[in-house]
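# Chains, contacts and geometry: an overview
Listed below, chain by chain, are the residues.
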Amino acid sequence: MTTVAAYAAPRAKAPLERTTIERRPVGEFDVLIDIKFAGICHSDIHQARDGWGEGIFPMVPGHEIAGIVTETGPGVTRFKAGDRVGVGCMVDSCGKCDACLMGREQHCAEGNTQTYNALDRGGEPTYGGYSTHIVVTEGFVVSIPEGIALDEAAPLLCAGITTYSPLRRWGAGPGKKVAVIGLGGLGHMAVKIAHTLGAEVTVLSQSLRKKDDGLKLGADHYYATSDPKTFEELAGTFDIILSTVSAPLDFGSYLALLRTDGTLVNVGAPEEPVSLNLFSLISGNKAIAGSAIGGIAETQEMLDFCAVHGLGSEIEVIGASRINEAYERVLASDVRYRFVIDTATI
């Protein structure tokens, strides 16, 4: 075991504080990563504050990890010391079920092992990227191409794949009209990716406060959802609506913005249940769906796509001592558009 520095929530809703954790020895198929940057995702806040159910404490959040390989086990074939790599939301799965065999490890029948706030297959708690080092089995490590800076790449391991996967699955591209609800950590990447795929992109945000940013990131149109005229003007417009927000929505109002056969896809996960009048779906043969990150192969595909097209996350790099401040600013929508921790400051 190796002792490394980390920032952890000692209990639910408590401020994060500097501590040390134990990382397992490097096994035959393991990769030891010197973490350089770790993104702060809204889901880190949900979990550190027990918003999605009872957590495992102390909790070291962080599933947007970018770093450098420093050691590999003797059975590792894909990586060597010095490689630029990333780790996202999961660090293991059964590898045998239908989902895993299809390359969709995120839907593992036995449950994938989350990067933090989970128990690994040996029953030990997992600790995430708010730390200096991590040991991960080779199959759950991805390469970060040279075309993306490590700090801008870190959020792609969650925000990038969480938006890339549904946009690809539901066919965002030329001739398609895509709406993105929310211009935050997820939403800004959704705009960049949908625009690059060739879709006509509209941002639906509570206000026009970030309109200039949205247009600069690639949106063709920007509307305020606080204005009732928005829902009148855009009725029946979109092929795909991607909801990136963690607040409960009036789904009926948004479903009315879809064309016939359109789909509203949720990647944001509110803590509260939502209600839905099924006539909102029946009229127009519409669908409401969910999407959870992507498999390892698709995550690599996303990174390669971003490198080719020069896409990285819009970030604000912070020292570890500012993590608790950053959490409050995320909740206040006061970040453009992703905080990234410089782990050298832990």
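Residues numbered from 1 in each chain as written. Predicted model: local features only at pLDDT ≥ 70, side-chain atom pairs only at ≥ 80, totals over all residues. Heavy atoms only, no water.

## Considering the domain arrangement of the protein chain
- Parsing the protein chain into structural domains produces domain 1 (1-157 + 292-343) and domain 2 (158-288).
- Taking the mean C-alpha position of each, domain 1 and domain 2 sit 27 Å from one another.
- Of the residues lining the interface, 29 residues belong to domain 1; the matching set on domain 2 comes to 26 residues.
- Of the roughly 2,300 Å² buried at the junction of domain 1 and domain 2 (both faces included), carbon and sulfur atoms supply 57%.
- When residues of domain 1 are sorted by the area they lose upon contact with domain 2, Phe 305, Arg 336 and Tyr 337 head the list and together hold 27% of the total.
- The tally of links between domain 1 and domain 2 comes to three salt bridges.
- Put simply, domain 1 and domain 2 have 16 residue pairs in polar contact (both at pLDDT 80 or more) between them.
- Of all the secondary-structure elements, those providing two or more residues to the side of domain 1 that touches domain 2 are α1 (42-48) and α10 (296-309).
- Looking at the side of domain 1 that touches domain 2 element by element, the count peaks at six residues for α10.
- Among the residues forming the side of domain 1 that touches domain 2, the class breakdown is 12 nonpolar, 10 polar and seven charged. (Domains from an automatic or database assignment. Contact = heavy atoms within 4.5 Å. Buried area = accessible area lost by both parts, 1.4 Å probe. Salt bridge = Lys/Arg side-chain N within 4 Å of Asp/Glu carboxyl O. Polar contact = N/O pair within 3.5 Å; in protein donor to acceptor, adjacent residues only side chain to side chain. Helix = DSSP H or I, 4+ residues; strand = E, 2+ residues; numbered from the N terminus. Nonpolar A, V, L, I, M, F, W, Y, C, P; charged D, E, K, R; others polar.)

## Describing helix α5 (residues 187-197)
- Within α5, nine of the 11 residues are buried, which leaves the element mostly enclosed by the surrounding structure.
- Along α5, the residues that are buried comprise Gly 187, His 188, Met 189, Ala 190, Val 191, Lys 192, Ile 193, Ala 194 and Leu 197.
- On its buried face, α5 is in contact with α4 (159-169), β10 (177-181), β11 (200-205), α6 (211-217), β13 (238-243) and α10.
- One or two positions beyond α5, positive phi appears at Gly 198, with a value near 105 degrees. (Buried < 20%, exposed > 50% of the residue type's maximum accessible area, 1.4 Å probe, protein only.)

## Looking at the packing of aromatic side chains
- Enumeration according to the criterion identifies two aromatic pairs in this entry.
- Pairing Tyr 164 with Phe 305 gives two aromatic rings, centres 5.4 Å apart and planes at 55 degrees, and the pair type is tilted. On the criterion of sequence distance, the pair formed by Tyr 164 in helix α4 and Phe 305 in helix α10 is long-range, its members being 141 residues apart.
- The interplanar angle of 80 degrees and the centroid separation of 5.2 Å between the aromatic rings of Phe 231 and Tyr 254 together place this pair among those described as edge-to-face. Of the two residues, Phe 231 is situated in helix α7 (residues 228-233) and Tyr 254 in helix α8 (residues 251-255); the sequence distance between them amounts to 23 residues. (Phe/Tyr/Trp six-rings, centres within 6.5 Å; stacked < 30°, edge-to-face > 60°.)

## Examining the pattern of salt bridges
- Counted by the stated rule, this structure contains 16 salt bridges.
- Here Arg 322 makes a salt bridge to Glu 325, at a shortest N to O gap of 3.3 Å.
- Owing to a relative accessible area of 38%, Glu 325 belongs among the partly exposed residues under this scheme.
- Within this structure, Glu 316, Arg 322, Glu 325, Arg 329 and Asp 334 form a network of salt bridges that share partners.

## Some details on the nonpolar core
- Counting residues in hydrophobic clusters, the biggest one holds 63 residues, and the most contacted among them are Val 141, Leu 167, Val 178, Val 191 and Ile 193.
- Excluding residues that lie within four positions of it along the chain, Ile 193 makes contacts with Gly 160, Thr 163, Tyr 164, Leu 167, Phe 305 and Leu 311.
- Counting residues in each nonpolar core, the second largest holds 27 residues, with Val 4, Tyr 7, Ala 9 and Ile 323 among its members. (Core = buried A, V, L, I, M, F, W, Y, C linked by side-chain atoms within 4.5 Å.)

## Let's talk about the packing of α4 against α5
- In contact at an axis separation of 9 Å, α4 and α5 are set at 40 degrees when each is read in the N-to-C sense. In terms of axis orientation, α4 runs oblique to α5. α5 is crossed by α4, and the crossing has right-handed handedness. The residues of α5 that touch α4, namely those facing Ala 159, Gly 160, Thr 163, Tyr 164, Leu 167 and Arg 168, are Met 189, Ala 190, Ile 193, Ala 194 and Leu 197.
- Its residues assigned to classes, the contact of α4 with α5 comprises eight nonpolar, two polar and one charged. (Axes fitted to C-alpha atoms, helices over the stretch in contact; angles between N-to-C directions. Parallel < 35°, antiparallel > 145°, perpendicular 65-115°, else oblique. Left-handed = near helix turned anticlockwise from the far one by under 90°.)

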